[in-house]
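If you want the building blocks of each chain, they are given just below.
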Amino acid sequence: MTKRITAALFAVILILSIAILPAYAESTYNYKLDDAANVLNPNEESQLLSTIKEVSDTCKCNLAFVTVNDINGASFSHNGTTQDYADRYYENEYGKNTDGIVVLLVLNNGKGKRDIYISTSGKCIKRLTDSENEDIRDEAIKKHNPDSKGYYDFLNAIALGIKKAVPPHLKWYMLPLAFLIGFGIAMLILMFMKKQLKSVEMQRGAVSYVRSGSMNVTAARDSYLYSTVSRTARPKNTGSSSHTSSGGGTHGGGGSSF
Amino acid sequence: MAVQEYKCPCCSGALAFDSTVQKMKCPFCDTEFEVEALKAYDEDLNNEGTDKLEWDTNAGTQWTTDEATGLRSYICQSCGGEIVGDENTAATECPFCGNHAIIMQQFSGALKPDYVIPFKLNKEAAKAEYLKHLQGKFLLPKVFKDENHIDEIKGIYVPFWLFDSDADADIRFRATRTHAWSDSDYNYVETSYYSVYRAGSIAFDHVPVDGSTRMPDDLMESIEPFNFADAVDFQTAYLSGYFADKYDVDAEASIDRANTRIKTSTEDAFRDTVQGYVTVTPEYSSVRLHDGKTKYAFYPVWLLNTTYKDEKYTFAMNGQTGKFVGNLPTDKGKFWKFAAIVTAAAGALIYGGMWLMQLL
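Worth saying up front: this structure is predicted, and the values here are computed from it rather than measured.

A short note on the nonpolar core
1) Next: Counting residues in each nonpolar core, the largest one holds 61 residues, and the members touching the most others are Tyr-157, Val-158, Val-207, Ala-297, Tyr-299, Val-301 and Ala-316 of chain B.
2) Next: Counting residues per element, this core draws most heavily on strand β10 (residues 152-182) of chain B, which supplies 12 residues.
3) Next: Those residues in contact with Val-207 of chain B, other than ones at most four positions away along the chain, are Ala-206 and Tyr-209 of chain A together with Leu-162, Phe-163, Ala-258, Arg-261 and Ile-262 of chain B.

Have a look at this one:
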């Protein structure tokens, strides 16, 4: 028994290392800060760039931060939406379906508002779920001072949010939860085995002694009385949705206007 | 005369009922006799000795002090040794010569059973079933299994009251059906409530209730069912070779248990006719019994005793069907060791799985 369990544990460690090792083996990830809208001063620019590099290293993916005044006059073709602009920018920069993220800030989206869009590609689609993506954007918009021209705090908040959300992570309570479930499984098996040891109990009824064919139902009525309807809110989608860009690459992500 | 033995008409040895051939068999000369034939032969023998028996009955009156304590002593017809039993012992064996003795006093008057199901399985079958009972049970202490010495094994005819009854029932249930759907924001569950009414009748035959306080009720119910098709009219000859108790709980006192069982099964049977609902809860039930009849029968039970860590464990086997029951001890050390190992292994696997989901 103990031998078998040791073997099972060993197998788990093996599978984990097989899954993790390739991720560590690859090391060439690019990072970039393209401040075409000029919303950062040189000092902020170099500070943010070093943060982006750090996030790219931590997340093991390509990472580009892009600011533009509007999405017209791009050097590549796109279908005119902020989403497609971000997707195509990424594909243009790092290739289709490679692992990476592009963060796009558009100062004028044509409707008198600003757009922020975080587009994901490759492994990052799954790593950054829709709800995590939304949380990062909301947090950044909250941090942004509407009166100031500066976007350093705004972009920095997004970079830190990505750093937290993208690398493989589990919430702290997952470890005790896993062992609690394990304990539940153990007890379930043990209860089953303990039941084998108990064979003495009173009979529930006298079902073995019913005279065969003696049952006779003389009246049977099923009457409908009333109905109640209860509703519960559906749990939010916890996964990641994806779409195909006009360039043919698969991307995830989402954006907001503010 | 207090003690009855069946003598072999060939060699005068004490006869015993053989469960394999379902006949009386002489252990000394191997002659087999039909129970019916032997009964007729024995009646003739008894007629000869009637006058003599009267004498012994007079002698028996001296033991009235024993009666107060519930003890009885009898004289073995084969060796003259004294057999001591309690007031309910009806068949036993002589501790000195091992001959089977049936104590006739116990069957006087109204105490005579109506039916008996003769033993179909012998002592070897009971031992084999006991060993089988210990197999495949992980939490059973290894020591218990390895030692597995049986302190005592005996075949006992246990007195049962049998209840026959027709039951009329009116039962009302509250039942629900559910229908679920959802839109983009909510999940909806519509629960529809129904009042379901069922009326009808059902009949029960030979519902047994243990009539002996020395047999634990739960142990006796656990080896059920007994198949009444094998029951025959009672004859004392079937008792030889086995132990027997007479009832010490009368039919009146056993009725409650029979009622409970019949009522439960009646409700269950009508509950089963209510189909197509998610939940069915009884709201009202009226079960009326009529044409109830009570019979007194002896059913065959093998009883095994063993001791483990100063605690007594009793096992019972249905002497007709071979159903074997008996609670077994749990190895607490094994229990917690297994719990720890499985918790650790399953916990690690689940946690690993969580990481894997993150990585892939």
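Section: the packing of helix α5 (residues 130-143) of chain A against helix α6 (residues 152-165) of chain A
Residue and element names in this part refer to chain A.
1) Next: The contact between α5 and α6 brings their axes to 8 Å, and the two run at 155°. One element, α5, and the other, α6, form an angle in the roughly antiparallel class. The way α5 lies across α6 gives a crossing that is right-handed. Across the interface between the two elements, Glu-132, Ile-136, Glu-139, Ala-140 and Lys-143 of α5 pack against Asp-153, Phe-154, Ala-157, Ile-158, Gly-161, Ile-162 and Ala-165 of α6.
2) Next: Residue composition of the contact of α5 with α6, grouped by class: 7 nonpolar, 1 polar and 4 charged.

Here's the deal with the pairing of strand β14 (residues 279-308) of chain B
Residues and elements named next belong to chain B.
1) Next: Here strand β9 (residues 115-116) pairs with β14 via 2 bridges, running parallel. Bridging across to β14, Tyr-115 finds its partner in Ala-297.
2) Next: Pairing between β10 and β14: 24 bridges, direction antiparallel. If you follow Arg-174 over to β14, its bridge partner there is Thr-281.
3) Next: Bridge count for β14 against strand β15 (residues 311-318) is 8 bridges, and the pairing is antiparallel.

Overview of unusual backbone geometry
1) Next: Glu-224 of chain B connects to Pro-225 of chain B through a cis peptide bond whose omega is 0°.
2) Next: By the element assignment, Pro-225 of chain B lies in the loop between α5 (217-222) and β12 (232-233).
3) Next: In this structure, Asn-97 of chain A takes a positive phi of about 60° despite not being glycine.
4) Next: With respect to the helices and strands, the residue Asn-97 of chain A is situated in the loop between α3 (82-94) and β3 (100-106).
5) Next: The residue Asp-310 of chain B is not glycine, and still its phi comes out positive at about 65°.
6) Next: The residue Asp-310 of chain B is located in the loop between β14 and β15 in this model.

Structural notes on the interface of chain A and chain B
1) Next: Contacts between the two partners involve 64 residues from chain A, matched on the other side by 67 residues from chain B.
2) Next: At the level of secondary structure, the elements contributing two or more residues to the side of chain A that touches chain B comprise α1 (2-25), α7 (174-197) and β5 (216-233) of chain A.
3) Next: With 18 residues, the top contributor of residues to the side of chain A that touches chain B is β5 of chain A.
4) Next: Where β5 of chain A and strand β11 (residues 186-210) of chain B come together, 16 bridges link them in antiparallel fashion. Its bridge partner being in β11 of chain B, Tyr-224 of chain A is matched across the sheet by Tyr-194 of chain B.

What about the environment of Gly-100 of chain A?
1) Next: For Gly-100 of chain A, the position within the fold is in strand β3.
2) Next: Taking the C-alpha atoms as reference, Gly-100 of chain A lies 8.3 Å from Lys-60 of chain A; in sequence the two are 40 residues apart.

The rules behind the values
- Residues numbered from 1 in each chain as written.
- Chains lettered and ligands numbered in written order.
- Predicted model: local features only at pLDDT ≥ 70, side-chain atom pairs only at ≥ 80, totals over all residues.
- Core = buried A, V, L, I, M, F, W, Y, C linked by C-beta atoms within 7 Å.
- Buried ≥ 20, exposed ≤ 12 C-beta atoms within 10 Å, placed from the backbone.
- Helix = DSSP H or I, 4+ residues; strand = E, 2+ residues; numbered from the N terminus.
- Contact = placed C-beta atoms within 7 Å.
- Axes fitted to C-alpha atoms, helices over the stretch in contact; angles between N-to-C directions.
- Parallel < 35°, antiparallel > 145°, perpendicular 65-115°, else oblique.
- Left-handed = near helix turned anticlockwise from the far one by under 90°.
- Nonpolar A, V, L, I, M, F, W, Y, C, P; charged D, E, K, R; others polar.
- Pairing = 2+ DSSP bridges.

Nothing here speaks to function; it is geometry throughout.
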